[in-house]
Amino acid sequence: MKILIVEDEKDILSFLKRGFEEEGYVVDTADNGQDGEYKIALNHYDIIILDWMLPEKSGIEILKCIIKMEIKTPVVLLTAKDEVKDKVEALKIGADDYVTKPFSFEELEARVESLYRRSISKGSNTIEFQDIIIDIPSKQVTKAGSIVELLAKEYELLLFLIKNKNCFVSVNKIYDAIWGDEEFINSNVIQVIIYRLRKKPGKDLVKSSRGLGYKIEL
Ligand code: CA
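Everything numeric in this text was worked out from a predicted model, so none of it was measured.

**Q** Pulling in residues and values, what's your account of the sheet that holds strand 3 (residues 47-51)?
**A** Backbone hydrogen bonds hold the strands of a sheet together, and the pairing may be parallel or antiparallel. Reading across the sheet, the five strands line up as 2-1-3-4-5 and stay open at both edges, with parallel pairing between neighbours. Two strands bound the open sheet, and with one partner strand each, they are strand 2 (26-30) and strand 5 (97-100). Averaged over neighbouring strand pairs, the angle between their axes works out to 20° when direction is ignored. Direction of pairing for strand 1 (residues 2-6) relative to strand 2: parallel, over a ladder of five bridges. Along strand 2, the bridge assignment pairs valine 6 with alanine 30. Along the sheet, helix 1 (residues 10-22) contacts strand 1, strand 2, strand 3 and strand 4 (75-79); its crossing angle with strand 2, the most-contacted strand, is approximately 165°. Sitting on the sheet, helix 2 (residues 33-42) touches strand 1, strand 2 and strand 3, and the angle it makes with strand 2 is about 135°.

In structure tokens:
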């Protein structure tokens, strides 16, 4: 998942960048409003984290531009303002969520995750790529119109890689996401599932890199 953080306070910016990178996100940053807006117009991000008070252009001004450019990326506003009318203003203009400073990294990450989950299933409950269609409510996967039978963990891993599309996801991160607190599993399990995913939905579906992990390119 690729995120942009626009924040002029250097400490907060580097703290957030490090935190999200450690969690496996691809992070782009801007430390003023102008640069932030430029990057938003030029690149695709899955989530934008936008500080309210910024030099050159405020978070609210950038948010208005995002809406005008019809960019659908969810936006989380960071604000030191704790007044209800400011929060209402932010949400009215089109922010998807906001976090009041000071905040914990865990809280922000949880909000980012939940916005992202909502955004990938928003409007439609299906994910389509190449000739594959995934129907989220029924967990049914079809390829070129035929149903692909996947075991529960195969389906979970497929969705997890799609959620993190275009980024390599480490084996450790996959463990945490798919198995969580379950007892230790053999490291071959992931390789076996990847092997099955390549055999079933598609040979070139999952790319792997020694040391970096796995990814799906969409
Ligand atoms: Ca600021």
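Still more ground to cover, so stick around.
**Q** Describe the coordination of the calcium ion, and please don't skip the residues or the numbers.
**A** Within the protein, the calcium ion binds to Asp8 (OD), Asp51 (OD) and Met53 (O); these donor distances fall in the range 2.1 to 2.3 Å. Donor residues binding the calcium ion come from one chain and are separated in sequence as D-x42-D-x1-M. Relative accessible area serves as the criterion here: at 3%, aspartate 51 is assigned to the buried category. On the basis of relative accessibility, which here comes to 53%, the residue methionine 53 falls in the exposed class.

**Q** Talk me through the domain arrangement of the chain; I want residue IDs and the actual numbers.
**A** Its domain assignment divides the chain into domain 1 (2-120) and domain 2 (126-216). Each of domain 1 and domain 2 was reduced to a C-alpha centroid, and the two centroids are 29 Å apart. The interface of domain 1 with domain 2 comprises seven residues on the first partner and five residues on the second. Across the domain 1 to domain 2 interface the summed buried area is about 630 Å²; carbon plus sulfur atoms make up 51%.

**Q** So what about the pattern of salt bridges? Which residues, and what values?
**A** Note on pairing: side chains with opposite charge can pair once their charged atoms come close. Applying the stated rule across the entire model yields 17 salt bridges. A salt bridge links glutamate 21 to lysine 17, with the nearest nitrogen and oxygen atoms 2.7 Å apart. Taken together, the residues span about one helical turn, with glutamate 21 and lysine 17 both in helix 1 at a distance of four residues. Taking relative accessible area as the criterion, lysine 17 reaches 29% and is therefore assigned partly exposed. With a shortest N-O distance of 3.7 Å, aspartate 35 and lysine 39 are connected by a salt bridge. You can see aspartate 35 and its partner lysine 39 sitting in helix 2, four residues apart, about one turn around the helix. Residue classification places aspartate 35 among the partly exposed residues on the basis of a relative accessible area of 25%. A network of salt bridges, in which partner residues are shared, links Glu7, Glu9, Asp51 and Lys101.

Criteria and cut-off values
Residues numbered from 1 in each chain as written. Predicted model: local features only at pLDDT ≥ 70, side-chain atom pairs only at ≥ 80, totals over all residues. Heavy atoms only, no water. Pairing = 2+ DSSP bridges. Helix = DSSP H or I, 4+ residues; strand = E, 2+ residues; numbered from the N terminus. Axes fitted to C-alpha atoms, helices over the stretch in contact; angles between N-to-C directions. Contact = heavy atoms within 4.5 Å. Donors = N, O, S within 2.8 Å, 3.2 Å for Na, K, Ca; no water. Buried < 20%, exposed > 50% of the residue type's maximum accessible area, 1.4 Å probe, protein only. Domains from an automatic or database assignment. Buried area = accessible area lost by both parts, 1.4 Å probe. Salt bridge = Lys/Arg side-chain N within 4 Å of Asp/Glu carboxyl O.

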